[in-house]
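# Topology and contacts: notes
What follows is the residue order along each chain.
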Amino acid sequence: MERKIHYDSVLDRSKSIMWQEDCYMDLQSTSSSVASQAETEDLGWIQKNADQLQRFISATFLETLLAHLSKVDVLSLDDLSKIKEAGQLQDQVKMLTTIVTCKETQGCAVLRGFIESSDSQVAQLIMNHNSMVKEHKEALLRQYDRHRDRDSVSCPKLNTSSRTLLLIEGLSDLQQKEHDLMQVGVTRGRKRYHLRQLELDKFLEPLTRVSLPPRFSLTVGVAGIGKTSCVRHFVRQWSHGVISTDVSFVLPLTFCELNSLEKVSAERLLKIAFPHLKDLSLVLSGLCRTMLIFDGLDKFRCTLNFSDAVPCNDPKKEVPIDDLVTNIIRGNLLPDVSVWVTSRPGVASQIPGGLVDRLTEIPGFSPNDIHVFLNHHLSEREFASKIWAHLESHQIIMVMCYIPCICWIVTNTLVYILQSGREESLPRTFTELYAQFCAMKAEMGEPRGKEPIKMEQLHGTNRKLFGNLGRLAFYGLLKCKYTFSEQDLKAYGIDLLSTQCSLGTVLNWEESAICTTYQFTHLTVQEFLAATFYYVSSKRAIFDLFSESTMSWPKIGFQNHFKSAFQHSQQAEDGHLDVFVRFLTGLLSSVALKPLTGLLTVGKDDGNQKTWAAGFLQGLLVSGVAAVSLRAVNIAYCLQELQHTELLRRVEEDLKFGRLAGKLTRASSVVLGYLLHVSPECSEQTNLTGALTYTTVKCLLPQLLYCHHLRLENNNFNDDVMELLGSLLSAKDCHIQEISLAENSISNKGAKSLSRALLVNRTLTSLNLRNNNIGSKGAKFLAESLKMNQVLVTVNFQNNAIEDEGAQALAEVLHYNRKLVSLNIQKNMIGPRGAKSIADALKTNRTLTNLILCSNQLGDKGTIALAEALAINQTLLSLQLQSNSVSNRGMTALTTALRLNHGLVSLNLRENSIGVEGAKNMAHALQENNSLQELDLTANLLHDEGVQAIAGAIKFNQCLTTLHLQWNFIRSSATKVLAHALLHNATMQLLDLQENAIGNEGIAYLAEALKTNASLHILCLQGVSMGTSGAIAMAKALMINQTLEILDLRGNAVGMEGAKALAKALKSNRSLKSLNLQENTLGMDGAIFIATALKRNHQLTYINLQVNGIGESGAKVISDTIRSNAPGCVVDI
């Protein structure tokens, strides 16, 4: 009231009061003091609410405010002009507050009074926003802080709730149609590196400068991955003011809460959930940014129907709860509110993709994360190492630890077993794991002595509770119901008090302002308990258990019920019974059943049912005729749970050793699909070379999606198969990163199918089409897609007859593509014209690092064009020009370029026509170039003179590490100069002088150099006319040299005396790892010298003594001696 009187007095300046003369001065003094204090308060109020003024004042409100301030003479025309010229709305408000606070008059009071006397939403927000937000955040923190430890899995290094999200473009068929564990199994939790990561603090921000913040966001993740933990972490971080500070109100709800409501309005829903928010009209007005979170769509009892839902845009109108959610997502209701929904992927597909502004996925644990979790969670390091070793040897359990909740279940269960001193009981299957988990839960809260409690001693109440939990789980699973009310629990005979201790803790409960709900620790726990109920009930049930009604067809005997379960599982398109039947099958194993002895009332099993089930499942494996679906693969999972693994092991061995040709029956194909899920070796390197036909490819196609490196070589594939493989690579579910189609019969038509797939594929990084027949036309098709494809980094088109026309098309790719790193187009009849096009592209390309043009027809003309490109291009690292008719002229151009080039690391000029002149030019280039490390001049025409020139350059060059000079007519004189260069060179690591007649004299020079040189690791001297004296000289060098690791002396004449000298050297040498003495006339005695020498040499890992006149019996003696003296040494004899 005082503020109102003060405000009125400021506005009514014309009114005068006739004070009595004797009290006028005192009143004036008092009035001045009050006015001064009020002005200070007004100024402080404006400064305090400056942010709110800028955030909430709308254009309309500002216009009204300026008119009023102008009318009461607070603002002049000049002031109004400055405000209008300030620019954006927030800038105008900022200018207004600056001007008003600088006024000597009571402008602050007028501004404050106008806002406080206004009943508009803008004014109410300015005045009440901060207090409402503060109260709301405090309420959320009270509610969510109690979950903090559970959400972070008590491991600071692995705060699962704050992991980065992955931006995805849409839900794959696998995510929409398959069980969560099947999704994890087929992808093996493998990270998709092509996906962009999104930190939680950026969740509501635009992705680019020109894009808008998302209105509707959808986050998916399999059950137990941490969706709810992520939401809680976001809410806590926002409440602490750490993230999304521009959001005024975050309103988190769960679909579990919505299940208790039938018909409600948007406003009433929020009033029930957040009773502390007194004025919801301000929260939902659109003037402040509000975020509404719906967590757990998969737990919603209703199915969202976006086609038939009745539109509603009135937040006060009561509508069915599913229509309410649908209208909020569509934006009919609360259009200004940001909405975030979380869900398991299958249910999330109910939401049309066109409504989703931002789709993200929560990733699970990597193997390293699992390791960190174990080390942190377990104080006893011995337990952690034992559990890790067990997981590595049982990959089917390791893969499921990708899900943090299952990782927690696995860890606690295995610790329980180890603490009980039952290491031999560590689970091999999922059924065994969950049986032990339930046994552990049953034991919790029971009295324990020094010895672990026996299950037989458990109270009957636990057995009854276990049965009731199983019944609740089973019929909930049939209805796809995963959350339960108190009424549900009572209906199934479960006492609410029993959920707070012992076995009842497999149920978690959540309490909110709306209701209390219950759910199993994880989806798999519900599925396991459902399987135990079905297993027990099927022993005595006379009606179909898949109907709660007794009015169903009679079904007598366990086997009939078992068949019925599989029939329902195979017919379930979404696979929601897959894991249930795995557990049901696993319970036929006595090992899995043993921990549940005190909890299940079942008779003694003689093993006949297990044998029968194995036969039944194998019959299902061969019964299908269509493509191998994941329903079929699940049968192989069931055989694994049954520990009937003979067929699984046989197919795995055939796959690893490449013996699948002619063996891929229907059953083998299903098992192969299973192996691609559970075996890292099989999925990482899937070698189906020579094993497939069109029919088997068609059958296996759905399962090949999840391979990493897929080898389909030498299968005689034609263009029809390429249509199938094109659809494979086009699928959203495709995980293939490398594919080899070498040695097939693919023509341009097949290349066209492949090119269409490359336009949409986001995973393939390596494509090998070596030795096909795509021709220039096929190269053009693929080039068009490669211009736009930004994933492939390695392409191999070797021997495809693409000719100049195809090379020109690929040159166009190099102008546009910014990802391609390696291009192999050797043996393609490419001439100077094609080389010129590629060279022109290299002048601008900055990504290609490896170019292979061997065995073409470039000639000097094409080589000169490439040399011109090398003078400009500084990113190409490797250029291979073997067998291209390059002579001195082309070599001169290349060496000129090398003087300017500072990027090329490897140059291959094998099998050309380079002579002495070219060698001399190369020598000059090597004296200036400081980047070239590998130079191959094998099989040219260098002769002694050319090699002497190169040797002179090597003396000073400190960059070259590898030099191949094989087949160059080199003799001892050039070798002498080379050896002298090695005395000064400190970088050369490999020197290849094979098939040059350097003789014993040349070897002596090299041996002398080796006594000093400390850089050379590999020396190749095959067929260099070395005899006994040369071998003795080399042996003396080896007694001194301690850096040479590989020495190849094949095809010489070392003889017995030379072998004796080398053997003596091996006793003292500690660096040599590989020695090849094949074809050296060593004889039995010489071989024995070498063999006995190895007793004192433990570094040698490989030795070749083949073709030395030893004989079979002698070879065995030598081989046994070497293995005895040096067990780690591989012997070829």
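Quick note: structure is the one above.
Residues numbered from 1 in each chain as written. Predicted model: local features only at pLDDT ≥ 70, side-chain atom pairs only at ≥ 80, totals over all residues. Heavy atoms only, no water.

### Here's the deal with empty space enclosed by the protein
A complete count under the given rule lists 2 cavities of 30 Å³ or more for this structure. Its boundaries defined by the atoms lining it, the largest cavity holds a volume of some 50 Å³. Every residue lining the largest cavity is listed: L181, I396, F430, V579, R582, F583, Y637 and E641. Within the residue set of the lining of the largest cavity, elements represented by two or more residues are helix 27 (578-586) and helix 30 (630-641). For the lining of the largest cavity, the element with the most residues is helix 27, which contributes 3 residues. Approximately 30 Å³ is the volume found for the second largest cavity. (1 Å grid on protein atoms, 1.4 Å probe; cavity = no way out; pocket = protein on both sides within 12 Å on 5 of 7 lines; lining within 4 Å. Points joined across faces, edges and corners; volume = space filled by probe spheres on them. Helix = DSSP H or I, 4+ residues; strand = E, 2+ residues; numbered from the N terminus.)

### Structural notes on the nonpolar core
By size, the foremost hydrophobic cluster in this structure holds 373 residues, and its most contacted members are V341, I351, F520, F580 and L1021. Aside from chain neighbours lying at most four places away, what touches L1021 is L993, Q994, I998, I1003, L1006, M1034, D1048, L1049, R1050 and N1052. (Core = buried A, V, L, I, M, F, W, Y, C linked by side-chain atoms within 4.5 Å. Buried < 20%, exposed > 50% of the residue type's maximum accessible area, 1.4 Å probe, protein only. Contact = heavy atoms within 4.5 Å.)

### A short note on the pattern of salt bridges
The tally for this structure, following the rule as stated, stands at 32 salt bridges. E423 is the salt-bridge partner of K386, the closest N and O atoms lying 3.1 Å from each other. Here the residue K386 occupies a position in helix 19 (residues 381-393), and E423 occupies one in the loop between helix 21 (404-419) and helix 22 (430-443), the gap between them amounting to 37 residues. In this structure, K1011 engages E1008 in a salt bridge whose closest nitrogen and oxygen atoms are separated by 3.4 Å. Look at K1011 and you get partly exposed, because its relative accessible area is 31%. A relative accessible area of 49% means that E1008 is categorised as partly exposed. (Salt bridge = Lys/Arg side-chain N within 4 Å of Asp/Glu carboxyl O.)

### Points about unusual backbone geometry
Unusually for a residue other than glycine, S244 sits at a positive phi of about 45°. With respect to the helices and strands, the residue S244 is situated in the loop between helix 12 (227-239) and strand 4 (249-254). Non-glycine residue S883 carries a positive phi angle of around 55°. By the element assignment, S883 lies in the loop between strand 19 (878-880) and helix 41 (888-900).

### Digging into the pairing of strand 3 (residues 216-220)
Counting buried residues along strand 3, 5 of its 5 residues qualify, which places the element largely inside the surrounding structure. Burial of strand 3 is two-sided: the residues F216, L218 and V220 facing one way and the residues S217 and T219 facing the other way are all buried. Summarising the sheet, strand 3 and strand 9 (residues 358-361) pair through 4 bridges and their orientation is parallel. In the sheet register, T219 faces strand 9, and the bridge partner there is T360. (Pairing = 2+ DSSP bridges.)

### What about the environment of L648?
Along the chain, the position of L648 falls in helix 31 (residues 646-656). On the accessibility criterion, L648 (4% relative accessible area) is buried. For the pair L648 and V670, spaced 22 residues apart in sequence, the C-alpha to C-alpha distance is 9.7 Å.

### Here we look at helix 18 (residues 367-377)
Within helix 18 the residues assigned to the buried category are D369, I370, F373 and L374. In an axial view of helix 18, the angular spread of the buried residues amounts to 135°, which keeps them on one side of the axis. Against the buried residues of helix 18 lie helix 19, helix 20 (395-400) and helix 21. (Arc of directions from axis to C-beta.)

### Considering the environment of N130
Structurally, N130 is set in helix 8 (residues 121-144). For the pair N130 and N49, spaced 81 residues apart in the sequence, the C-alpha separation amounts to 9.1 Å.

### Here we look at the side chain of N912
With respect to the helices and strands, the residue N912 is situated in the loop between strand 20 (906-908) and helix 42 (916-928). Note on N912: relative accessible area 7%, which makes it buried. At 3.0 Å, the side chain of N912 forms a polar contact with the backbone nitrogen of S885. Apart from the residues lying within four places of it in its own chain, the contact partners of N912 are L881, Q882, S883, N884, S885, V886, A939 and N940. (Polar contact = N/O pair within 3.5 Å; in protein donor to acceptor, adjacent residues only side chain to side chain.)

### Some details on the packing of aromatic side chains
Under the definition given, this model contains 31 aromatic pairs. Between W612 and F616, the aromatic rings sit 5.4 Å apart at their centres with planes inclined by 10°, giving stacked as the arrangement. Taken together, the positions of W612 and F616, both in helix 29 (residues 608-623) and 4 residues apart, correspond to about one turn of that helix. Judged by its relative accessible area of 18%, F616 is buried. In textbook terms, an aromatic cluster arises when at least three aromatic residues are bridged by ring pairs, as seen for F474, Y475, F533, Y534, F546 and F580. Over the ring of W238 we find K137; its NZ or CZ atom is 4.8 Å from the centre of that ring. Of note, R582 hangs over the ring of Y637, and the distance from its end group to the ring centre comes to 3.7 Å. (Phe/Tyr/Trp six-rings, centres within 6.5 Å; stacked < 30°, edge-to-face > 60°. Lys NZ or Arg CZ within 6 Å of the ring centre and 35° of its normal.)

Shape descriptors only; they carry no functional weight alone.
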